[in-house]
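Inside the fold
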Amino acid sequence: MSTDGRGLDHLMAQNETELGFLSAYGGVDEGGEHGGQNLLSALHRFLKAGGMPSTLDGARLSFDAGHAEAEEHGCRFTFKGSHLPLVASDMKSSGFSEGELKADRSEVEVVFTAWTIDQRRFVERLVEHHVHG
């Protein structure tokens, strides 16, 4: 085993430019007073990595099909479109709160309280529908 001081931190710093896109898929620290802002930042990175132009301005993120806002206990996400590929039960799992899908499936609003694979798949499905729908 090598003791030359080249640990994982050094390797990651050395390759930061090549590995930056991975932050869009990683976890996020949801706790603390900045939990909603951390979730908003993770969503921003994820949208950017997925090719959805977005603008982060403080506690509000704007993108082609909607917006998101950091709140005390999460990130309120609103997405609009035609025949969104969702059903109400899509927002019933852990990490989702206050989910509402309009009857005509033209708009969804939900609070993300975590940033796990479930939230990423949810957003990815909506972005795919918007971009390729």
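Shown above is the structure to which this text applies.
Residues numbered from 1 in each chain as written. Predicted model: local features only at pLDDT ≥ 70, side-chain atom pairs only at ≥ 80, totals over all residues. Heavy atoms only, no water.

A closer look at the nonpolar core
If you look at the biggest cluster of nonpolar residues, it comprises 26 residues, and the most contacted ones within it are Leu43, Phe77, Phe79, Phe122 and Val123. Looking at this core, the elements with two or more residues in it are α3 (35-49), β2 (60-63), β4 (74-80), β6 (107-112) and α4 (117-132). Non-local contacts of phenylalanine 122, meaning those with residues more than four positions away in its chain, are made with Phe77, Leu86, Asp90, Met91, Phe96, Val108, Val110 and Phe112. (Core = buried A, V, L, I, M, F, W, Y, C linked by side-chain atoms within 4.5 Å. Buried < 20%, exposed > 50% of the residue type's maximum accessible area, 1.4 Å probe, protein only. Helix = DSSP H or I, 4+ residues; strand = E, 2+ residues; numbered from the N terminus. Contact = heavy atoms within 4.5 Å.)

A look at the packing of α3 against α4
For the pair α3 and α4, interaxial distance at closest approach is 11 Å and the crossing angle is 40°. With respect to each other, α3 and α4 are oriented oblique. Remark: the crossing between α3 and α4 carries right-handed chirality. Residue-level inspection shows Leu43, Phe46 and Leu47 of α3 in contact with α4, the latter providing Arg120, Val123, Glu124 and Val127. (Axes fitted to C-alpha atoms, helices over the stretch in contact; angles between N-to-C directions. Parallel < 35°, antiparallel > 145°, perpendicular 65-115°, else oblique. Left-handed = near helix turned anticlockwise from the far one by under 90°.)

Brief notes about the packing of aromatic side chains
By the definition in use, this model includes 10 aromatic pairs. Look at phenylalanine 77 and phenylalanine 122: their rings are 6.3 Å apart centre to centre, the planes differ by 70°, and that puts the pair in the edge-to-face class. Here phenylalanine 122 lies in helix α4 and phenylalanine 77 lies in strand β4, a separation of 45 residues in the sequence. Just as phenylalanine 77 is buried, phenylalanine 122 falls in that class too. Taken together through their ring pairs, the aromatic side chains of Phe46, Phe63, Phe77, Phe79, Phe96, Phe112, Trp115 and Phe122 make up a single cluster. (Phe/Tyr/Trp six-rings, centres within 6.5 Å; stacked < 30°, edge-to-face > 60°.)

Things to note about the sheet that holds β6
Taken in spatial order, the six strands of this open sheet run β1-β2-β3-β4-β6-β5, and their pairing is antiparallel. Single-partner strands in this sheet number two, and they are β1 (54-57) and β5 (96-101). With direction set aside, neighbouring strand axes in the sheet form an average angle of 10°. With six bridges connecting them, strand β3 (residues 66-71) and β4 associate as antiparallel partners. When the sheet's bridge partners are listed, alanine 68 is paired in β4 with phenylalanine 77. (Pairing = 2+ DSSP bridges.)

Comments concerning the pattern of salt bridges
Counted according to the given criterion, the structure contains six salt bridges. Arginine 76 is the partner of glutamate 71 in a salt bridge, and the nearest nitrogen-oxygen pair spans 2.5 Å. Measuring nitrogen to oxygen at the nearest pair gives 3.0 Å for the salt bridge that ties glutamate 109 to arginine 76. Of this pair, glutamate 109 sits in strand β6 while arginine 76 sits in strand β4; the two residues are 33 residues apart in sequence, bridging distant segments of the chain. By sharing partners, the salt bridges in this structure join Glu71, Arg76, Glu98 and Glu109 into a single network. (Salt bridge = Lys/Arg side-chain N within 4 Å of Asp/Glu carboxyl O.)

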